[in-house]
Amino acid sequence: MLMVTDVVEIAVIMTYLVLVIMLGWLGYTKTKTASDFMLAGRGTHPFVMAMSYGATFISTSAIVGFAGVAGMFGMGVLWLTFLNIFVGIFVAFVFLGERTRHMGHVLNAHTFAELLGRRYSSKAAQVFSGIIISLFLPLYAAAVFIGACEFISAHFAISYHLALLLFAVIVASYVVTGGLKGVMYVDAMQGTIMTVCMITLLILCYKMVGGITEGHTQLTEMSDQVFVGFKAIGHQGWTEMPKFGWGDSQYDLWWIMVSSIICGVGFGVLAQPQLSVRFMTVRSKRELNRGVLIGGLFILLIPGTAFVVANLSNVYFNKYETITGQLLSRTERADVIAKKTRDVEKTIPCTLLHIDEDGDKKADFNVIEKGLGKAAAIMPKAEVKELENGFVQVKPRGTAFKRALTQTRDGRWMLNADSVIPNFIRSAMPTWFSLLFLITLLSAGMSTLSSQFHTLGSTFAHDVFRKLRNKETSSVKVTRTSILVGIIIAMMLSLYARGGFIVARATAIFFGLCLSSFLPSLVGGLFFRRMTKPAALSSMAAGFGVTVFWLLFVKAKEAGAIGLVQHITGGESSILAGYPNWPNVDPCFVALPISVITAVVVAAFTKAHTSEELERCFAK
């Protein structure tokens, strides 16, 4: 049952939701045509466009999911922030943005898939790309749902399932009605809130760990505290990159971090349907250029801050965290899940403490007191001081990962990287900031989810349903129905996919899939007249096919979870299980080169489009 007694908290949350509804209604009143619903009338202000792009790009998957990965694996994840700014903002806005905007206007394209279809005069290209987006975008949306609901659940002390239901209803209330205008108005407001919060978080965090120099020095000196499982795959400390090499499992972490987390997402942004369509909402190149600075600063502040704070949370949890409250109970032995796949589960026997800090007789903190048996050497030993009346003062002496203790649906305990940031905020930050951070996560999640579901609904209705039914106009009713179906699918995925840094993994899967499937045909279509319809279709099919094959049979984490590969290998989670590093290489490292080569070769041996078609596409 939802219990919120703080009147200020209720007032702030209600004010925020009222503003969201008002902006959604404003978008609804200004949505008169299909162009208004899908492209905001093509007259968006550069500030609104840039903030909407940034808020759509940066979601709870960055603030919670990828930050959790940074807290586990170190500052090397900051290379993703660099690529987000250089590739996701500078290259995207300066090189791809204007071409996308201009060609989208000239061809009167309303969606990413329609842009590809009209550039290549191909119904197949439009429908195929639309199907890929419609099928896989709910996976990315599920990652955003999980990131937001982990914090909502912890903040309000409610079940994860209830948090998911409430959050989905809020998102649906304005994305279904307001179209892209409503989405972008709300995005701009949410992006502003996110910026203020993350600046505040960075300042408070550095103050808590003794300043910039002291905080980073302490983090460097903590390399001996790295979890033993991470050391085995190449973790050398939070201020160093993992060991680099090939042919040995000690290099696995480098390939996980660089191929999936950094490159897959860092370059995958260029072919994101929900981001590319933002370029088609502005009138001219000037608006795009004005958006570069705004977007760059936004990306620097939001994920950059989240990644730094997540790393420094190791210092806080290990050296500064002190929990005072009533000891409700002690679990003498709990087999804490450290790693879990479809067929393999690795647990660590521990004693747990359940502490009530605010006097409501519910556990506010669940911490590891000590490891049992051999686990005593690899798990933290909390310092527990007995106080009066059953109260205790506890210094957990953990790290970000070892403090990321959460309970599963079946009542068991697991170490969940997606809980690193929620736990840090709950433990380290003042109450007023927890409320501000809650609003920030709501903003981050809602801004991305609204754009994802708007893209999904528009794509399915406009590019798949309309084309397969041979209708000339798209139905807003079908679009809104598609959005609701997409929300339900994403909710179902969110219920069954928690743990194992799933937020970052699911995001990387979708970004990598779009990168390999769409980037060659998008770049080729925008810049090269010699790019042909067969080349585009072949490239998309090759990129998509290799990515799916790699996820099903090679990438151990995903293939093992899906379970198909075990029937071929006799229980192994990858067909390349006997070849070190390969099972951790992201599909895009293989699929993108094959997709590019396919596009170049097929374009060289197929007939070019007619001069009339090319002039129509590349008109000045």
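Residues numbered from 1 in each chain as written. Predicted model: local features only at pLDDT ≥ 70, side-chain atom pairs only at ≥ 80, totals over all residues. Heavy atoms only, no water.

Draft legend 1. Quick look at the overall build of the chain. Across its full length, the chain carries 22 helices and seven strands. Within the chain, buried positions represent 60% of all 620 residues. Of the accessible surface of the chain, which amounts to about 23600 Å², a share of 64% is contributed by carbon and sulfur atoms. (Helix = DSSP H or I, 4+ residues; strand = E, 2+ residues; numbered from the N terminus. Buried < 20%, exposed > 50% of the residue type's maximum accessible area, 1.4 Å probe, protein only. Areas by Shrake-Rupley, 256 points an atom, 1.4 Å probe, with all protein chains shown as cover.)

Draft legend 2. Looking closely at the packing of aromatic side chains. Scanning all chains against the criterion turns up 27 aromatic pairs. Each ring, one from Phe 128 and one from Phe 544, has its centre 5.9 Å from the other, and the planes form 85°; the classification is edge-to-face. Placement of Phe 128 in helix α7 (residues 123-156) and of Phe 544 in helix α18 (residues 533-553) is noted, with a sequence separation of 416 residues between them. Pairing Tyr 140 with Phe 510 gives two aromatic rings, centres 5.5 Å apart and planes at 25°, and the pair type is stacked. Here Tyr 140, found in helix α7, pairs with Phe 510, found in helix α17 (residues 502-527); they are 370 residues apart in sequence, far enough to count as distant. Residue Tyr 140 shares its accessibility class with Phe 510, and that shared class is buried. Connected via pairs of aromatic rings, a cluster forms that spans Phe 244, Trp 246, Trp 254, Trp 255, Trp 550, Trp 582 and Phe 589. Over the ring of Phe 365 we find Arg 426; its NZ or CZ atom is 6.0 Å from the centre of that ring. (Phe/Tyr/Trp six-rings, centres within 6.5 Å; stacked < 30°, edge-to-face > 60°. Lys NZ or Arg CZ within 6 Å of the ring centre and 35° of its normal.)

Draft legend 3. Expanded view of the pattern of salt bridges. Using the criterion set out here, one finds twelve salt bridges in the structure. In this structure, Arg 403 engages Glu 321 in a salt bridge whose closest nitrogen and oxygen atoms are separated by 2.8 Å. Note that Arg 403 is positioned in the loop between β5 (391-395) and β6 (405-407) and Glu 321 in the loop between α13 (285-320) and β1 (323-340), a separation of 82 residues in sequence. Given the relative accessible area of 2%, Glu 321 is considered buried. Three or more residues are tied together by salt bridges with common partners; here these are Glu 114, Arg 118 and Arg 466. (Salt bridge = Lys/Arg side-chain N within 4 Å of Asp/Glu carboxyl O.)

Draft legend 4. Representation of the confidence of the model for the chain. The share of residues in the chain with pLDDT of 70 or more is 88%, and the mean pLDDT across the chain is 85. For residues 1-5, every residue scores under 50 in pLDDT, and the model assigns this stretch six contacts once sequence neighbours within four places are set aside. (pLDDT = per-residue confidence, 0-100. Contact = heavy atoms within 4.5 Å.)

Draft legend 5. Quick look at empty space enclosed by the protein. Per the counting criterion, the structure on display carries six cavities of 30 Å³ or more. Put simply, the second largest cavity is a space of about 60 Å³. At four residues, the largest contribution of residues to the lining of the second largest cavity is made by helix α15 (residues 431-468). When grouped by side-chain class, the residues that make up the lining of the second largest cavity number four nonpolar, six polar and no charged. (1 Å grid on protein atoms, 1.4 Å probe; cavity = no way out; pocket = protein on both sides within 12 Å on 5 of 7 lines; lining within 4 Å. Points joined across faces, edges and corners; volume = space filled by probe spheres on them. Nonpolar A, V, L, I, M, F, W, Y, C, P; charged D, E, K, R; others polar.)

Draft legend 6. Quick peek at the pairing of β5. Judged by which residues are buried, β5 turns out to be one-sided: Val 392 and Val 394 face inward and are buried, whereas Phe 391, Gln 393 and Lys 395, on the alternate face, are not. For β1 and β5, the ladder comprises four bridges, and the chain directions are antiparallel. Note on β5: the bridge partner recorded for Gln 326 is Phe 391. Taken together, the four bridges between strand β4 (residues 383-386) and β5 define a ladder with antiparallel strand orientation. What sits directly across from Glu 383, in β5, is Lys 395. (Pairing = 2+ DSSP bridges.)

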